[in-house]
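Spelled out, the chains give:
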Amino acid sequence: MKFQIEDVTVYFPYDHIYPEQYSYMIELKRALDAKGHCLLEMPTGTGKTIALLSLITSYSLSKPQSPIKLIYCTRTVHEMEKTLAELKLLHNYQIKHLGPQARILAIGLSSRKNLCVNPTVLAAENRDSVDAGCRKLTASWVRAMAAENPNVPTCQFFENYEKAASAAVLPPGVYTLQDLRAFGKEKGWCPYFLARHMVQFANVVVYSYQYLLDPKVAGIISKEMQKESVVIFDEAHNIDNVCIEALSVSVRRQTLEGATRNLNRISHEIDRFKATDASRLRAEYNRLVEGLALRGNLPITDNWLSNPALPDDILKEAVPGNIRRAEHFLHVLRRLVQYLRGRLETENVEKESPVGFVASISSHAGIDQKALKFCYDRLHSLMLTLEITDTDEFLHIQTICDFATLVGTYGRGFSIIIEPFDERMPHIPDPVLQLSCHDASLAIKPVFDRFQSVVITSGTLSPIDLYPRLLNFHPVVSRSFTMSLTRDCICPMVLTRGSDQLPVSTKFDMRSDPGVVRNYGKLLLEMVSVVPDGIVCFFVSYSYMDGIINTWNDTGILKEIMQHKLVFIETQDVVETTLALDNYRRACDCGRGAVFFSVARGKVAEGIDFDRHYGRLVIMFGVPFQYTLSKILMARLEYLRDTFQIKEGDFLTFDALRQAAQCVGRVIRSKADYGMMIFADKRWKRIIKGLSSQKEISKKSPFLLKAPKSHSRFNINSTVFNSS
Amino acid sequence: MNNGGGKRINGGTEEDDDEDDVNGDLDAWERTYTDERSWESLQEDESGLLRPIDNKALYHSQYRRRLRSLSSIATAARIQKGLIRYLYVVIDLSRAASEMDFRPSRIAVIAKHVEAFIREFFDQNPLSQVGLVTIKDGVAYCLTDLGGSPESHIKALMNKLECSGDSSLQNALDLIDGYLNQIPSYGHREVLILYSALSTCDPGDIMETIQKCKKSKIRCSVIGLAAEMFICKHLCQETGGIYTVALDESHFKELILEHAPPPPAIAEFAIANLIKMGFPQRAAEGSMSICSCHKEAKVGAGYTCPRCKARVCELPTECCICGLTLVSSPHLARSYHHLFPIAPFDEVPPSHLNDPNNKLQRNCFGCQQSLLNPGNKPGLFVVCPNCKRRFCLDCDIYIHESLHNCPGCESFRHSKPVISNEE
């Protein structure tokens, strides 16, 4: 359908539009007009993605004199593919109505692992080794060597791409990763480098958060994006955590051991070069003296992850003298590793600010702040000089340099925490040194500054006023839309008491109470006997889940549950969990019925959909607060209180709420779906009461479940949870 | 996990959470009245007397909706219908069937309505046959073989109503698939599953069984008594059946009776096919002969197969000796109307009745009752689109559901020359 929003004709590929989609588009358009940032919340299953895409492409089409570029960031490759598929549909529709002038170029960009078509490289199992495998075939010196000696293997696809040079372009259209690979295979061009090249010409680019937020990656991928771009962060409810992770480093004992091995190897290489090609090292030294930019004039394939600090904070200076020579730099690194090892041997938990830490390094190891700051770039340069291609082997020393550079650059918003053992398992020594970032606004600030409009959107952003404070920006539009339902297809309930009228909760002092455990078991048992197909249960942590399942097993509740449905459990092992999920789906398909026990904040809660019959009911046992004794969380809370005046309780509740909303939101992925949600904890009542935007309905959902009669004895309040 | 934060959050207001309990203080017996809202089905009339709500109009509109949905399929193009049906009714006697959410229990309700269904089925499809299968303890049993006698099925069912164990869809389908494979190709193979359980415990891959059913052209329909299950939906979609879930007893009755009229024939089956049939004569009263179906001597009231002269007790059936299909002509006639349904009557708003032009007919053509309501207010009535006669709602239902002939059109047909003269 085609309609008008103010001065923009919107092309929408479907015949019907939901009212909330329409108002979403209006708000979005206002934000684009104002060239400002915005924050929009709309529940999942209402067609957020297509509303976004069709408005922005139509907006761009209606203003041909100043075309805007769309940068769409997703969390996973799967979401990227879904977005591109939607865009393809939209694009076909626009071409049908507007003709060839509506043509755009839209590409998805992902890592080599997802784009490579070279079978020998693809055989590697993880991302880092695929990257290294590619580098081994395409590094500039390898290719130079291959020119002389035809026995040196190179990548045929990359050679063809290089040969085609500027002729290697993608014709307009929408390319999913699959399409890119197919196109690359057909033409014999490397899809990865082709896509990276085309990013600057494309109208729409879909890629992962990291490409904008993580300064290491953003420096090489996203530096050429124009200012007139609209950046969209989809499913952005966890964006603050992504920002923080991008700037956090943790160092363990294995990292240090690996780093020592790496240093030995490097020194070996240096000796070899000294014997054979000493001029090379001298040339590097001279370059460093002149303070030449390390990047820029290098061939595209020799690019690595760039500096972990944000672009504004990198000094445009020459590398300091004490680390210019390769041997000297190596000594500095050895001293640093030695120092860190010493720090890890502590018996107590230590917390320090970066400033104090740097002072301590300089007095104990004799490395000053400036040298630390340049560690990463210096290592990068050294490895290029030494022509090291198997970069996946050198991850440990990279981590150390990463750490050094960040610690040298930032004095505020970070802290260094050394824990000699895991809080929950005090007998097993597992020392870890963490540089943790507390300020989510640091990593995202360059994005807000650089681009005209940044749209942060998700199904769950409430309370919506917290995000601008966490990320430190001023949205021109900040709105939350509710889903319009034509029928009662969701039935959320809060359960505060068990069948014996005792309150249930996972509060620390109540969680191990046998009465609570029994009541939770009874609840699940009653539900498995009346709910068809799949049920998903979320617990607050792995340890709690293990404990409660053990008790259920001892008291025979688990056996009774198994009479009705099969039981599958998420574990920390990815392979095991994948297998469990697969079998869970099969059990739901074939009508046996199944229960999946999972953990809030786990992999399953974040990324796996339990739509349709895979999840007719979700039970949230307890309130998923973070582990509040964690030193990192405490440090972050303190920082938030001091810097942004956000109360600890507010932040924790907000965080628990968004996690819970994510968990229960897994079951409803579209308006045609239906399901029931139970929040089983007495604290939910107050938390939900605290939400201003809640609505009360008492009607049960139709065509679904007949709650057993005994359930009316449960103290159940039906409440629509606007975020679900 | 959350002791610290939890305490901080809960610390301030440690109130107890049971201040608002909406109907917690009602006793169980009070609550049943609250739930049923029996007072709402009463209405006050002009003189202030209480009387039950007149839900005739409501009922009629429901019926018309159903009629329209049926006829929209039927009249669009003259669709071939499977008149000779071989239907297995599967009754789930697993643990779940003893649940009490239907009063007095699911199984009692099922039994009651299956009985009604079987009678209605034979009434509408006299040429068809029914068999009963039950699922109990994960195993499917054949209760009665395919046969044309409603009484024997009902009797067999009423004796076996204990429920236990799990339910297995695959076992039931496998069993039925074996039976239905043997029937002749002109017959329409159907399964109606009345499913109480919420899961199915199968020995193998049920998807294969579903494909097998699809291949042997068995139309599987399911009526659920609990909640929608994916596998049932999948089964019905694959085999072209209907999947419905009953909300309450009256809904269940409605759903099961929807399966009585013959469904449209499957396309591959719709080739015209000649079937050899015998029309046996009724034996003279008082004559004595050995009946071929019960193997015992019987006096009077039997039928003689025209080919082998064996005696059978009931029609329709297959002759046990020569295998000929034996029917009587009324059976054929009763099946015939499904092919040529009467068009639904048009509803006329009551105000038309007072139109001076339409003064002619103030009585229903069918029952000759006045179309006016007691208070001389005009009521709802309908008009046949062909003969333009008016009928009351009761006659409308009677004509469409039982009579299958419009009295108005029939009376015109007898005076055909008059019509042609008029034209």
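Computed from a predicted model, the values in this text were never measured in an experiment.

Overview of the sheet that holds strand S9 (residues 249-252) of chain A
Residues and elements named next belong to chain A.
Now for step 1: What the 4 strands build is an open sheet, ordered S9-S12-S11-S10; its pairing is antiparallel. Two strands close off the open sheet at either side, each with one partner strand: S9 and strand S10 (350-352). Averaged over all adjacent pairs, the angle separating strand axes in this sheet is 15°, with direction ignored.
Now for step 2: When S9 meets strand S12 (residues 429-437), the two strands line up antiparallel, connected through 4 bridges. Looking at the pairing, Ser250 lines up with Gln434 of S12.

Focus: the pattern of salt bridges
Now for step 1: Enumeration over the complete set of coordinates arrives at 41 salt bridges over all chains.
Now for step 2: We note a salt bridge from Asp131 of chain A to Arg112 of chain A, for which the minimum N-O separation is 3.7 Å. In this pair, Asp131 of chain A is assigned in helix H6 (residues 127-138) and Arg112 of chain A in helix H4 (residues 112-115), connecting sequence segments 19 residues apart.
Now for step 3: You can call Asp131 of chain A buried: its relative accessible area is 15%.
Now for step 4: As a salt-bridge pair, Asp101 of chain B and Arg106 of chain B come within 2.9 Å of each other at their nearest N and O atoms.
Now for step 5: Classification of Arg106 of chain B as buried rests on a relative accessible area of 5%.
Now for step 6: It is possible to trace a salt-bridge network through shared partners that takes in Glu6, Asp7, Lys29, Arg30, Asp33 and Lys63 of chain A.

A few points about the pairing of strand S18 (residues 594-599) of chain A
Residues and elements named next belong to chain A.
Now for step 1: For S18, the tally of buried residues reaches 6 of 6 residues, placing the bulk of the element in the interior.
Now for step 2: Of the two faces of S18, the one holding Ala594, Phe596 and Ser598 and the one holding Val595, Phe597 and Val599 are both buried throughout.
Now for step 3: Note: strand S16 (residues 534-539) against S18, 6 bridges, orientation parallel. Each bridged residue has a counterpart across the sheet, and for Val536 the counterpart in S18 is Phe596.
Now for step 4: The β-α-β motif built from strand S17 (residues 566-569), the intervening helix H25 (residues 574-589) and the parallel element S18 has right-handed crossover chirality.

Focus on the sheet that holds strand S18 (residues 381-383) of chain B
Residue and element names in this part refer to chain B.
Now for step 1: With antiparallel pairing, 3 strands are arranged side by side in an open sheet as S17-S18-S19. On the outer flanks of this sheet lie strand S17 (346-348) and strand S19 (390-391), each paired with one strand and no other.
Now for step 2: As paired elements, S17 and S18 share 3 bridges and run antiparallel to each other. Note that in S18 the partner of Val348 across the bridge is Phe381.

Regarding the side chain of Arg511 of chain A
Residues and elements named next belong to chain A.
Now for step 1: By the secondary structure assignment, Arg511 is in the loop between strand S15 (490-495) and helix H22 (514-530).
Now for step 2: Nearest to the buried, unbridged Arg511 among oppositely charged side chains is Asp509, at 7.9 Å.
Now for step 3: Of the polar contacts made by the side chain of Arg511, one reaches the backbone oxygen of Thr506; its length is 3.2 Å.

Topic: helix H17 (residues 354-364) of chain A
All names here are of chain A.
Now for step 1: Listed as buried for H17 are Pro354, Phe357, Val358, Ser360 and Ile361. Looking straight down H17, one finds its buried side chains confined to an arc of 160°; they lie on one side. Turned more than 90 degrees away from the buried face of H17, the exposed residues are Val355 and Ser363.
Now for step 2: Residues of H17 that are buried in the fold lie against helix H16 (326-344), S10, helix H18 (369-385), helix H19 (395-409), strand S11 (414-421) and S12.
Now for step 3: At the C-terminal side of H17, Gly366 shows a positive phi close to 70°.

Calculation notes
Residues numbered from 1 in each chain as written. Chains lettered and ligands numbered in written order. Predicted model: local features only at pLDDT ≥ 70, side-chain atom pairs only at ≥ 80, totals over all residues. Heavy atoms only, no water. Pairing = 2+ DSSP bridges. Helix = DSSP H or I, 4+ residues; strand = E, 2+ residues; numbered from the N terminus. Axes fitted to C-alpha atoms, helices over the stretch in contact; angles between N-to-C directions. Salt bridge = Lys/Arg side-chain N within 4 Å of Asp/Glu carboxyl O. Buried < 20%, exposed > 50% of the residue type's maximum accessible area, 1.4 Å probe, protein only. Right-handed = clockwise from strand over helix to strand, strands pointing away. Lys, Arg positive; Asp, Glu negative; His and termini not counted. Polar contact = N/O pair within 3.5 Å; in protein donor to acceptor, adjacent residues only side chain to side chain. Arc of directions from axis to C-beta. Contact = heavy atoms within 4.5 Å.

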